[in-house]
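Structural description and commentary
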Amino acid sequence: MTRQRFNPDALIDQACQAAGSDDFGGDTWREGLDRLTGELTTEARLSPLGVEIAVLDITRALVNRLQVVAHRNTHSEVAAERIEQPIVIVGQPRTGTTILYHLLSQDPDLRTPLTWEVDMPCPVPKPETYHNDPRIAQVQASIEMSEQIVPGLLAHHPMGALVGQECVRITASDFTSMIYSVQYRLPAYYRWLLYEADHAAAYRYHRIFLQHLQSEVPGQWLLKSPAHMWQLDKLLAEYPDALIVQTHRDPLNVISSIASLTNHLRGLASDDSTVADCAAQSVEEITVGLDREMALRDSGAVPADRVTDVLFHDFMRDPWTTIKAIYDRLGRELAPETEQKMRDYLAAHPGDGGGNRYTWSDTGLDASDVRERVTAYQDRYGVPTERLK
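Residues take numbers from 1 onward in each chain, read along the sequence in its written order. Selection of residues for local features in this predicted model requires a pLDDT of at least 70, selection of side-chain atom pairs for listing and counting requires 80 or more, and totals for whole chains, interfaces and linings are taken over all residues. Side-chain numbers come from the whole structure's heavy atoms, not from hydrogens or water.

Per an unreviewed UniProt entry, the recorded name for the protein is Sulfotransferase, and the organism is Mycolicibacterium frederiksbergense.

Next comes the structure, spelled out in structure tokens:
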């Protein structure tokens, strides 16, 4: 039964019927879909509910792509939309990227892709209904349902229909996205993403999607996804004038934190997940990602003047000095009213520093071994070693 539910041809047919179109704008997405559906069948250890959640995820991604392409085909002017100097927050997961994203999104001159418009992009969002579109309530209800299934999920990873969404949710429609390998146990798929997949097509679709959204609601994009760290060259190939803000933190606490989050997220779709299993994936991804981004910066593929480095330790200790330094580096003025909006947001969302949600001992990893693998990264950026939680 599970194999039938994840038959890629059947899922494609369902999506085409739902969208009223069969034009996906090319077929670069097909390899990722085939790999994803194959492993969801054999390796993901899905619960019955998890099967339905995964089918909905895949169908939504396919339908969204079909609808975006269909709109583009009938509105040729969308392809001429210019995306200029997007500000892109990158870095390891759990390094302050989310709170930095939310604070910078208080700037009225910046445009973030909100969760509701990423999940339901058609019809194109309109300025006059941007904050009261009926789709907002639909998406918010879905998020709240996830919290009911896995209590505490939103404490681990705050989400909301009117909150800026990560780029992995966009590239999900190209099926070359880390969102799937976080939500589901997919050992071969995540290694394919890490070592073999051609991410260029995913970034081309990413641009198509942003053009779609900004065709009615324009603005300078503020984007965020830790996944960009693994593909900085592909990001800059698609957006040559992108301005990158990269956060840095002790990778060991990152690994234990992301393993705990991943385990919690997988609880939506599986009754058989462990922190140690998630940590084994995280340590490989993080160490490969750090080595790769350093090599790209050393080679000149990522010019030094395009990246603003932010130490998690400094940001947590004094966020306002850090944010002002970011604005200075980006050549932007931090207006007093914008800074006050940021201060109000932080006061309303203080966070809890992770609490007791994760500990290194849960990972089953050898701390000295992992420390040795990340020492070059810490030395390069002056990242302080933290006490392991």
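From this point, the narrative continues.
Turning our eyes to something else, we now look at a nonpolar patch on the surface. Residues L49, M145 and I149 make up a contiguous nonpolar surface patch of about 250 Å² in total accessible area. Numbered from the N terminus, helices here are DSSP runs of H or I no shorter than four residues, and strands are runs of E no shorter than two. Position of L49 relative to the elements: it lies in helix α4 (residues 48–74). With a 1.4 Å probe rolled over the protein chains alone, any residue whose accessible area is under 20% of its type maximum counts as buried; one over 50% counts as exposed, and the rest are partly exposed. You can call L49 partly exposed: its relative accessible area is 42%. The residues that make up patches have over 30% relative accessible area and no salt bridge, and they are joined within 9 Å when like-charged or within 5 Å when they are Val, Leu, Ile, Met, Phe, Trp or Tyr. Accessible surface is estimated by sampling points in the Shrake-Rupley manner with a 1.4 Å probe; for residues, cover comes only from the protein chains shown. Salt bridge, as used here, is a side-chain nitrogen of Lys or Arg placed within 4 Å of a carboxyl oxygen of Asp or Glu.

For the rest of this paragraph, the subject is the nonpolar core. Formed by 51 residues in total, the largest nonpolar core has its most connected members in L40, L46, I58, L62, F175 and Y180. Broken down by secondary-structure element, the contributors of at least two residues to this core are α2 (8–19), α3 (30–42), α4, α10 (178–183), α11 (187–195), α14 (251–266), α15 (275–299) and α19 (367–381). Considering each element in turn, this core owes the most residues, eight residues, to α4. We call two residues in contact when some of their heavy atoms are within 4.5 Å. Residues within four places of F175 in sequence aside, it is in contact with W29, G32, L33, L36, I58, A61, L62, Y180, Y189 and W192. In plain words, nonpolar cores are sets of buried Ala, Val, Leu, Ile, Met, Phe, Trp, Tyr and Cys residues tied together by side-chain atoms within 4.5 Å. Core analysis: the second largest hydrophobic core is formed by 23 residues, V88, V90, L223 and I244 among them.

Of note, W221 is situated in strand β3 (residues 220–224). With a relative accessible area of 1%, W221 lands in the buried category. Sequence spacing of W221 and P113 is 108 residues, and the spatial spacing of their C-alpha atoms is 7.9 Å.

Here we take up the pattern of salt bridges. Close approach of charged atoms allows side chains with opposite charge to pair. In the structure shown here, the tally under the stated rule is 29 salt bridges. The closest approach of N and O atoms between D9 and R30, which form a salt bridge, is 3.0 Å. Highlighted residues: D9 in helix α2 and R30 in helix α3, separated in sequence by 21 residues. Owing to a relative accessible area of 43%, D9 belongs among the partly exposed residues under this scheme. Given a relative accessible area of 25%, R30 falls into the partly exposed group. Here E216 ties to K126 by a salt bridge, and the two come within 3.1 Å at their closest N and O atoms. Placement of the pair is E216 in the loop between α12 (200–214) and β3 and K126 in the loop between α6 (115–119) and α7 (134–149), with a sequence separation of 90 residues.

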